[in-house]
Amino acid sequence: GRTFTDIRKYVVQYEWAPVGDGNEDLVYATVHSVQEGNQKFGFWDQFVDFVSTSDYFSTTKVVVEYGNRFIFGEHNYVFVAAVNPHHETSVNLMISRDLGETKKFEKAKLPVEVLEHSYTILDTSEGSVFLHVNHNIQSGGASTGNVYISDASGLSYSLSLPFNHRDKGGKCDFEKVEGLEGIYLANFVDVDEKDKESTFSEQPDTTIGEKHKSRKNRAVSKDRAKIKTVITFDKGGIWSYLDAPKVDARNQPTNCKGGGESGCHLHLHGITDAFGPFYSLQSATGIIMATGSLGNHLHDRLGEINTYLSRDAGLTWKEVAKGSHIYEYGDHGGLIVMAFDEGPTDHVLYTWDEGRTWSKLIIADFKFEIENVIIEPSATSLHFVVYGYKSDNDGVLISLDFSSLHQAECKGIDAAGTDASDYEFWSPSDGRMNGQCLMGHKVKYTRRKQDAQ
């Protein structure tokens, strides 16, 4: 890294080829075919192509003509957004699952002929593709797009969720419940009838790309559009509203009862706004935390936002704290730490029993704005980092070690499900079939009992 050599100008994007392609020198890139003038970013351009090179751009091969942006997915997927040369503000999604340097790309087949302005690849973890397509439909100032799911080939798509909420950067309120098959949470905009028929051909602000995990987004709060939260337990076949908790964090009745679209439900913030998003990890199976509100739709006014937890993959929810918090898991979900994020604070809250009880831990002798609570990537340790800033904008970084606060180790892993064991069996369910079946089969997990300490 001491010296660098200029090997290609007018490059938009580049990436080393996946290991499965079998060539460690292979690079994919999107490059300008006309190398003159100022290089423009943030616009679709028919003079940009998706190319490959194995000799560091001494020679290149055009793989997808007009290909502007690309991304690799799981299960050998390669997605390329190619400009439509006859309508430069719209794009076509080209897809390949071929291994090696010779890839054949085919156009994604959507069920309707509507202009496609940009894409977000939401999930490919289970073989098929959840795809958000920006048709540039808006309601109340909120941006939306349709979520489609593919067949096993990844080429033919059907509509799963219309009017999925997104932001101008391509982030979408759509999350897989990590570690579990077929369960997803999403937000959609209750679009006015007049908007359902309107599409626009404005230059898009987004490009193809995986949404990144965001623990907290300090963007401007969303507008007054009616945003609602739904969940699917069958991989997008049926979407349902979330049942509200019967009592709040102070054990007072919520008086929030369902009743279809106009009823009272729990609605949660996603990654597109300024509050803690719905959040799950594979190492904390079945646990989800989120901030949100009760009512007919999601609110973003302080005083109406509270913090919620589910330990059965979103089937039921508990309000664990008043106000908005940011949160993180440790010890496979056995330890959860959260911090108030609506204003300055000097403490965090933590639980060893998955939200049944919470303890307060003073972490500073001054109050500061907490930006985030983080942990190492596997989220299995007891060491956390809290960071934020004081009123004078000086940064604050605090390390927390919970290992000395909880010495007892759980016992009885070999006798899970018995009274003598600290472990139980749990199977994810959508609430039907007596809780015994999901996605056509029953899966049993061994996890720590909620009251095991």
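Here the structure is a predicted model, which means the values were calculated and not measured.

Trainee: Could you give an account of the confidence of the model for the chain, naming the residues involved and the relevant values?
Mentor: Per-residue confidence for the chain averages 88 on the pLDDT scale, and 90% of its residues sit at or above 70. Predicted confidence for residues 197-214 stays below pLDDT 50, and this span has 69 contacts to residues more than four positions away or in other chains. Taken together, the stretch residues 218-223 has pLDDT below 50 and engages in 18 contacts with residues farther than four places along the chain or on a different chain.

Trainee: Requested: an account of the pattern of salt bridges, with residues and values cited.
Mentor: Scanning all chains against the criterion turns up 13 salt bridges. The partner of Arg311 in a salt bridge is Glu354, and the shortest N-O contact between them spans 2.5 Å. Remark: Glu354 occurs in the loop between strand 23 (347-351) and strand 24 (359-362) and Arg311 occurs in the loop between strand 19 (306-310) and strand 20 (318-322); sequence separation between them is 43 residues. Residue classification places Glu354 among the buried positions, given a relative accessible area of 9%.

Trainee: Help me get a handle on the packing of aromatic side chains, residues and values and all.
Mentor: One pass over the structure, following the stated rule, counts 18 aromatic pairs. Ring centres of Tyr77 and Phe79 lie 5.2 Å apart, and the angle between their planes is 15°; on these two criteria the pair is classed as stacked. As far as burial versus exposure is concerned, Tyr77 and Phe79 are alike and both buried. Within the aromatic cluster, the residues linked to one another by ring pairs are Tyr28, Phe50, Phe70, Phe72 and Phe105.

Trainee: Could you give an account of the environment of Glu15, naming the residues involved and the relevant values?
Mentor: Following the sequence through the fold, Glu15 ends up in strand 1 (residues 11-16). As a C-alpha pair, Glu15 and Phe72 span 57 residues in sequence and 9.2 Å in three-dimensional space. Not counting the four nearest positions on each side in its chain, Glu15 is found in contact with Val27, Tyr28, Phe70 and Phe72.

Conventions and cut-offs
Here the residue index of a chain counts from 1 through its sequence in written order. In view of the model being predicted, local features appear only for residues whose pLDDT reaches at least 70, and side-chain atom pairs are presented and counted only at 80 or more, with totals across whole chains, interfaces and linings using the full set of residues. Side-chain numbers here rest on the full set of heavy atoms in the structure, without hydrogens or water. Residue-level confidence of the predictor is summarised by pLDDT, bounded by 0 at the bottom and 100 at the top. Note on contacts: a residue pair qualifies if any of its non-hydrogen atoms lie within 4.5 Å across the two residues. When a carboxyl oxygen of Asp or Glu lies within 4 Å of a side-chain nitrogen of Lys or Arg, that pair is called a salt bridge. Only runs of H or I of at least four residues qualify as helices and only runs of E of at least two qualify as strands under DSSP, and these elements are numbered from the N terminus. A simple rule labels every residue: compare its accessible area, found with a 1.4 Å probe on the protein chains alone, to the largest value its type can have, and call it buried under 20%, exposed over 50%, or partly exposed in between. Any pair of Phe, Tyr and Trp rings, taking the six-membered ring for Trp, is counted once the centres come within 6.5 Å. Such a pair is stacked with planes under 30 degrees apart, edge-to-face with planes over 60 apart, and tilted for the rest.

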